[in-house]
Amino acid sequence: VPPWFAELYDPAHPSRALQITRDILWHFDQAARHYGRRPLIFVIPTARDLLYFQRTGQWSYTSLLVALHDQGVQAVNVGPRLLARVHDGDICEYFCTNRATQSGHFTVKGNRILAEVAWEIIDRLGLVSATR
């Protein structure tokens, strides 16, 4: 069963959540470029997204990633990198503050992993100079 919010990524959903999210991120991208910045968007999965991916091999938000790519927006799915850090460990030990519902915020361990992954991506893309 996909996460309850996965339906919001359906382009046919009556809320138009996918299109609205895409447009917000596209406008951010354009504004950053206007000011001479290099925008980078991280798509960060919830614990439920991570568990769903482990079961199915699919990200519930793939349509958002595709829509952003189609608009020329650089968006990075950090999900695979988070899972690589956890290996076969307990997802909720890192990414659930509510084990009963497999949801909530990331734990201290999960936030550390997210920070490490974000830094690796930023460094790999050369977005931070050594002199800063």
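Turning next to the environment of Leu 65. By the element assignment, Leu 65 lies in helix H3 (residues 62-70). For Leu 65, a relative accessible area of 18% corresponds to the buried category. Once the C-alpha coordinates of Leu 65 and Val 43 are considered, the two residues, 22 residues apart in sequence, prove to be 8.0 Å apart. Among all residues touching Leu 65, those that are not within four sequence positions of it are Val 43, Ala 75 and Asn 77.

This next bit is on the pattern of salt bridges. Inspection of the entire model under this criterion finds six salt bridges. A salt bridge links Arg 99 to Asp 90; its shortest N-O distance comes to 2.7 Å. Residue classification places Arg 99 among the partly exposed positions, given a relative accessible area of 48%. Here Asp 90 falls in the partly exposed class, since its relative accessible area comes to 33%.

Time to look at the side chain of Asp 29. Within the secondary structure, Asp 29 sits in helix H1 (residues 17-34). Beyond its immediate stretch of four places on either side in the chain, Asp 29 contacts Pro 39, Val 73 and Gln 74.

Let's shift gears to the environment of Thr 62. Checked against the element boundaries, Thr 62 lands in helix H3. For Thr 62, a relative accessible area of 36% translates into the label partly exposed. Sequence separation between Thr 62 and Ala 84 is 22 residues, and the spatial gap between their C-alpha atoms is 18 Å.

What counts and what doesn't
Residues numbered from 1 in each chain as written. Predicted model: local features only at pLDDT ≥ 70, side-chain atom pairs only at ≥ 80, totals over all residues. Heavy atoms only, no water. Helix = DSSP H or I, 4+ residues; strand = E, 2+ residues; numbered from the N terminus. Buried < 20%, exposed > 50% of the residue type's maximum accessible area, 1.4 Å probe, protein only. Contact = heavy atoms within 4.5 Å. Salt bridge = Lys/Arg side-chain N within 4 Å of Asp/Glu carboxyl O.

So, to be careful, I would describe these as geometric facts and stop short of saying anything about function.
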